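# Structural overview
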Amino acid sequence: MEMLLSQTEQLPSLLAVSRSRMVQSWDPTTLTRALNWGHLFRHLYSRLRAQPTLREALKQQLKKKSLIRLGHLKRCPELLGLALLENPALSSTTRHSLFCSFLIPATGGAEPFISLLARRRAASQLLALLEPPIKGTAGIEQWEGLPVRVQAQMLLSQLQGDGDGDGNQGRPSSALLDSLPCGSMLYRVVAVALMEPDGEEKAKMLLLPWLLFGDPARLLSFCRFLSPQCLASLCARYSELLASYLSFLSSWGNCLIYDPLHGKWQTSDVKEDEVPWEEMQDRISCLYQESEPLGSAVQTWLRQLKAQDGNFEVRGLSIWTDILLDMEMPHFERKPNLH
């Protein structure tokens, strides 16, 4: 067990080196050794599937040490290949050897996944050049362009064809998504995948638990990274997400302080993740302008918060009163119910 743990502990270092400037000294021989290590980790993952006791023990040890997940072992060749592809420090000679490795068929004539990875990344970059994000149209295209939508389709396909990830039934999405670098792009891809009309329902349902019941900071970042329009569309479809989003909005709104000299609400500057007044207005108005029953649910939520603040009808005493008064103005129009 100790030897197995010692071997797996080398993976974070290998991935870190592959992203650093240290690779500028790599020759084709060093590259081959690194790629072989990647395949070794994937082979180790395959062997562990036949030994559930050892697999579970290793999984708990890795979790305790906050190192990696078992899913990273399975995808080590892809993670390593992607890191090297994106590292400009790799010499031209070694990069040529890397590309040559993409073209060599695996044993039995099957195409290695790293080749698929290279072609998909190239296709994504090409799509980004061909079509900028589309604005002003209905549906997904309103807030994302073709490149992100293609990556969402790829993610859904991988989730559908994935194995049991960390070995837990019903959680194939966790290992795959946790192996991807978190950030704006990942959350945008997940959002589009959840809205994709042609995606498999099972895959969508695997994305929600990862988002809603995992790390709380993940869901908070998801709501901050995405546009108000995008989140409103998602909340109209998933009531579970709406409840969490409204909870975040309540916390953000309660941090705002009214400045009587300037006649507007301002952040307290106490917390780093505070949301300004203008953004709060935009986020809530996007929710309110969605079709029923979302609009009425948001209005009910606002009235409850207003009542908790004292049910004032005068501006400047409660942020929720001010937002409700703004929503009652004539320029607020609701979308028709198309369901």
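Residues numbered from 1 in each chain as written. Predicted model: local features only at pLDDT ≥ 70, side-chain atom pairs only at ≥ 80, totals over all residues. Heavy atoms only, no water.

## Concerning the pattern of salt bridges
Threshold: Any carboxyl oxygen of Asp or Glu within 4 Å of a side-chain nitrogen of Lys or Arg constitutes a salt bridge here. Each helix corresponds to a stretch of at least 4 residues labelled H or I by DSSP, and each strand to a stretch of at least 2 residues labelled E; elements are numbered beginning at the N terminus. We call a residue buried when its accessible area falls under 20% of the maximum for its residue type, exposed when it is over 50%, and partly exposed in between, using a 1.4 Å probe and counting protein chains only.
As enumerated under the stated definition, the model contains four salt bridges in all. A salt bridge links Glu279 to Arg224, with the shortest nitrogen-to-oxygen separation between them at 3.9 Å. Of the two residues, Glu279 sits in helix 16 (residues 277-288) while Arg224 sits in helix 13 (residues 216-225), which places them 55 residues apart along the sequence. Accessibility expressed as a relative area gives 29% for Arg224, which makes it partly exposed. Among the ionic pairs, Glu313 bridges to Lys306, the shortest N-O distance being 2.6 Å. Residue class for Lys306 comes out buried when judged on its relative accessible area of 10%. One network of salt bridges, with partners in common, ties together Arg224, Glu279 and Arg283.

## Describing unusual backbone geometry
A cis geometry characterises the amide bond from Glu292 onward to Pro293, with omega recorded as 10 degrees. Its location among the elements puts Pro293 in the loop between helix 16 and helix 17 (294-308). Its identity as a non-glycine residue notwithstanding, Asn311 has a phi of 60 degrees, on the positive side. Note on placement: Asn311 falls in the loop between helix 17 and helix 18 (319-327).

## Quick look at helix 17
Quick reminder of the rule: Here, expected helix span is obtained from the residue count minus one, scaled by 1.5 Å. Each direction from the helix axis to a C-beta atom contributes to the arc, which is the arc of those directions. Note on definitions: a residue-residue contact is assigned when non-hydrogen atoms from the two residues lie within 4.5 Å.
When the terminal C-alpha atoms of helix 17 are compared, their 21 Å separation across 15 residues agrees well with the 21 Å that a helix rising 1.5 Å per residue should span. If you check which residues of helix 17 are buried, you get Leu294, Gly295, Val298, Gln299, Trp301, Leu302, Leu305 and Lys306. Take helix 17 and look down its axis: the buried residues cluster within an arc of 160 degrees, on one side only. On its buried face, helix 17 sits against helix 14 (228-237), helix 15 (239-254), helix 16 and helix 18. One or two residues past the end of helix 17 sits Gly310, with phi positive at roughly 120 degrees.

## A word on the pairing of strand 1 (residues 256-259)
Which entries qualify depends on this criterion: Only strands joined by at least two bridges in the DSSP assignment are considered to pair.
Relative to strand 2 (residues 264-267), strand 1 is paired through four bridges, and the arrangement is antiparallel. Of the residues in strand 2, the one forming a bridge with Tyr258 is Trp265. In sequence, strand 1 turns back onto strand 2 through a hairpin of four residues, with Gly263 there showing a positive phi of about 70 degrees.

## Some points on the packing of aromatic side chains
Which entries qualify depends on this criterion: Stacked, tilted and edge-to-face are the three classes applied to pairs of Phe, Tyr and Trp rings, where Trp contributes its six-membered ring and a pair requires centres within 6.5 Å; stacked means planes under 30 degrees apart, edge-to-face means over 60, and tilted covers the rest.
In total, this model carries six aromatic pairs according to the counting rule given. Their ring planes at 35 degrees and their centres at 5.7 Å tell us that Trp37 and Phe41 sit as a pair that is tilted. Of the two residues, Trp37 and Phe41 are both situated in helix 3 (residues 28-48); the distance of four residues between them amounts to about one turn of the helix. Residue class for Trp37 comes out partly exposed when judged on its relative accessible area of 38%. For the ring pair Tyr258 and Trp265, a centre distance of 5.2 Å and an interplane angle of 65 degrees mean the geometry is edge-to-face. On the accessibility criterion, Tyr258 (28% relative accessible area) is partly exposed. Through pairs of rings, three or more aromatic residues link up here, namely Tyr187, Phe222 and Phe225.

No statement about biological role is implied by the geometric values presented.
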